[in-house]
Amino acid sequence: MLTKADDYPIHQTPEPIAFSGTDRNFYDRYFFNGYTKSGDVFFSAALGVYPHINVMDASFCVIVDGVQHNIHASRHLNSERLDTHVGPLAIHVVEPLKSLRITVGENEHGIRADVTFHARATALKEPRFTRRNGPRTLMDLTRLTQNGTYEGWIEVKGRRIEVKRDAFWGTRDRSWGVRPIGAADAQPMVPPMPFQFYWLWAPLNFDDCISLYHVNDDEHGDAWNHNAVICGLDGAEPEEMSKCRSEVQFVPGSRHAKSASLFFEHRRGGTTRIDLTPKWNFYMLGLGYGHPEWGHGAYKGPLAVGYEEFALADVKSFAPPHLHIQAFVDAKMTSPDGSTKMGTGVLEQLVIGPHAPSGFTDILDPYKV
């Protein structure tokens, strides 16, 4: 099975590009978020390729005036992985590892956009994520993350928002590998294993640097994947920390953070502390995460486009599909010498199942004071 990508010198195995190993759950994905430094406008986009189920899907979301607007699209991949467009949504690589463009064309839902990401720091490769539930591979993936600025415009129901590079920061990532996609496996685990996942991801922007932190904990609070980086701008070499950790205070009655502190231990000595104050939540269901109809790789036929909107203030539950969030945060970085600087970014959170340090003992029991 030959496709257009086979004319490029990018093969990793003797197979044509249409084949990605043997795991049905292989995926390849783009993610973007962007925001004003005050957080009054926020947008996010994603596009996923699922070669072995022959599906491509995409989403674009924008929050303005306290309302989250989500447009979804899905189509048959037809094995052509280089055609990165789904209905009105498209991703264009302008200059690899430096500039990418997101477009949302005409559609009946009144959401349009043409925004271009420009890197302000080096792309960072996060440590490989490998996790098994018993003998089954739950996830095995690589992700790159990069902070940048945006320029262009977004239109919401006839209102045009100018996106200027000196006003909009954000983050993009690319990930590829294996994780659950499409229809769930009907075969139960033997013996049954309760699902547990503790995930924090915090890409942050400051005037003269960026930072990145993530952690995956098991039920005991032991990290099975974590990393922390501070990086200057314009091609500066990233500084990986020798150790890192986080402390989270949860909102009583929920599993969402009230506040969080990150601690980065430098190899040269000293600790940088970053205190995060969540302002409001972006709900990741807008990008298909946990969405009951538009989950990643869900089969929707040859082409389908959908839309929903909701006021953030109307979301009262922390349970799925509103569990997985990116909280827009103010960030205060305190360096080892005591100097401070302010920035903004997101604290992504997905906390399911037990987590002893947080006091969680069941699948979705809320935080208790």
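Refer to the preceding data block for the structure.
Residues numbered from 1 in each chain as written. Predicted model: local features only at pLDDT ≥ 70, side-chain atom pairs only at ≥ 80, totals over all residues. Heavy atoms only, no water.

## Quick word on the nonpolar core
Grouped together as the largest cluster of nonpolar side chains are 68 residues, with contacts concentrated most on Tyr213, Phe264, Ile274, Leu276, Phe282, Leu287 and Leu347. The biggest single contributor to this core is strand 14 (residues 197–206), with eight residues. Leave out the neighbours within four places in its chain, and Leu287 touches Arg29, Phe31, Ser44, Ala45, Ala46, Ser59, Cys61, Phe282 and His296. Grouped together as the second largest cluster of nonpolar side chains are 31 residues, Tyr30, Phe60, Val104 and Tyr150 included. (Core = buried A, V, L, I, M, F, W, Y, C linked by side-chain atoms within 4.5 Å. Buried < 20%, exposed > 50% of the residue type's maximum accessible area, 1.4 Å probe, protein only. Helix = DSSP H or I, 4+ residues; strand = E, 2+ residues; numbered from the N terminus. Contact = heavy atoms within 4.5 Å.)

## Points about the environment of Met139
Counting through the fold element by element, Met139 comes out in strand 11 (residues 136–156). Taking the relative accessible area as the measure of exposure, Met139 reaches 10% and is therefore buried. Put simply, Met139 and Val178 are 39 residues apart on the chain and 5.1 Å apart in space, counted from C-alpha to C-alpha. Look past the residues within four positions of Met139 in its chain and what remains in contact with it is Phe129, Thr130, Arg131, Val178, Arg179, Phe197 and Trp224.

## Observations regarding the pattern of salt bridges
All told, the structure shown has 19 salt bridges when counted by the stated rule. Note that Arg143 and Glu126 form a salt bridge whose closest N and O atoms lie 3.0 Å from each other. Taken as a pair, Arg143 in strand 11 and Glu126 in the loop between strand 9 (124–125) and strand 10 (129–133) lie far apart in primary sequence, 17 residues in all. For the pair Arg143 and Glu126, a shared accessibility class is recorded, and that class is buried. (Salt bridge = Lys/Arg side-chain N within 4 Å of Asp/Glu carboxyl O.)

## Regarding the packing of aromatic side chains
For the structure shown, the criterion picks out 16 aromatic pairs. Each ring, one from Trp280 and one from Phe328, has its centre 5.3 Å from the other, and the planes form 10°; the classification is stacked. Here Trp280 is found in strand 20 (residues 271–283), whereas its partner Phe328 is found in strand 22 (residues 325–334), with 48 residues between them in sequence. Among the aromatic residues, those joined into a ring-pair cluster are Tyr35, Phe42, Trp280, Phe282 and Phe328. Taking the ring centre of Tyr30 as reference, the NZ or CZ of Arg174 above it sits at 4.5 Å. Taking the ring centre of Trp294 as reference, the NZ or CZ of Lys300 above it sits at 4.3 Å. (Phe/Tyr/Trp six-rings, centres within 6.5 Å; stacked < 30°, edge-to-face > 60°. Lys NZ or Arg CZ within 6 Å of the ring centre and 35° of its normal.)

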